[in-house]
Amino acid sequence: MSGTTPLVGRTEELALILRRWEQVKDGEGQIVLLSGEPGIGKSRLTQVLCERVSGEPHTLVRYQCSPYHTHSAL
């Protein structure tokens, strides 16, 4: 995506997720939960991940919670 700044300070987190991706490609099921306070770069981290795997076969499933439904199940 053009116009974005470089990902800063999330090298370890990105490496961990990419290791999980390699395990998935080897046939090992994986789940990654990415959670945290607003503004720490969760969306940016997932954007970089999508860019990294864009040339590989995959299915993207994206869930987002609405701030208007914080007291209800997803």
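Further up the page is the structure itself.
About the cut-offs
Residues numbered from 1 in each chain as written. Predicted model: local features only at pLDDT ≥ 70, side-chain atom pairs only at ≥ 80, totals over all residues. Heavy atoms only, no water. Helix = DSSP H or I, 4+ residues; strand = E, 2+ residues; numbered from the N terminus. Buried < 20%, exposed > 50% of the residue type's maximum accessible area, 1.4 Å probe, protein only. Contact = heavy atoms within 4.5 Å. Areas by Shrake-Rupley, 256 points an atom, 1.4 Å probe, with all protein chains shown as cover. Lys, Arg positive; Asp, Glu negative; His and termini not counted. Charge placed at Lys NZ, Arg CZ, Asp CG, Glu CD. Salt bridge = Lys/Arg side-chain N within 4 Å of Asp/Glu carboxyl O. Arc of directions from axis to C-beta. Axes fitted to C-alpha atoms, helices over the stretch in contact; angles between N-to-C directions. Parallel < 35°, antiparallel > 145°, perpendicular 65-115°, else oblique. Left-handed = near helix turned anticlockwise from the far one by under 90°.

J.: Sorry if this is basic, but what is going on with the overall build of the chain here?
T.: Check the secondary structure of the chain and you find two helices and zero strands. Across the 74 residues that make up the chain, the buried fraction comes to 11%. Put simply, 61% of the contacts in the chain that link residues at least 6 apart link residues at least 24 apart. With an accessible surface of roughly 6,400 Å², the chain has 55% of that area assigned to carbon and sulfur atoms. The distance from the centre of the 8 positive side-chain charges to the centre of the 8 negative ones in the chain is 5 Å.

J.: Just to check I follow, could you spell out the environment of Gly 39 for this structure?
T.: Position of Gly 39 relative to the elements: it lies in the loop between helix 1 (11–25) and helix 2 (42–52). Between the alpha carbons of Gly 39 and Pro 57 there is a distance of 30 Å; along the sequence they are 18 residues apart.

J.: Would you mind showing me how to read the pattern of salt bridges here?
T.: Close approach of charged atoms allows side chains of opposite charge to pair. The final tally for this structure, using the stated rule, is three salt bridges. If you follow the salt bridges from partner to partner, you end up with Glu 22, Lys 25 and Glu 56 in one network.

J.: Explanation requested: helix 2 in the structure shown.
T.: Residues lying three or four places apart along an α-helix face the same way, a consequence of the helix completing one turn every 3.6 residues. Within the sequence span of helix 2, burial applies to Arg 44, Leu 45, Gln 47 and Val 48. Seen from one end, helix 2 has its buried residues packed into an arc of 160°, which puts them on one side. The secondary structure elements touched by the buried residues of helix 2 are helix 1.

J.: Any chance you could explain the packing of helix 1 against helix 2 here in plain terms?
T.: Packed helices, taken two at a time, are described by the angle between their axes plus the distance between the axes. Following both chains from N to C, one finds helix 1 and helix 2 inclined at 45°, their axes separated by 11 Å at the closest point. Classified by the interaxial angle, the pair formed by helix 1 and helix 2 is oblique. Crossing handedness for the pair helix 1 and helix 2: right-handed. Contacts between helix 1 and helix 2 involve Glu 13, Leu 14, Ile 17 and Leu 18 from the former and Leu 45, Val 48, Leu 49 and Arg 52 from the latter.

What is shown is where atoms sit, not what they do.
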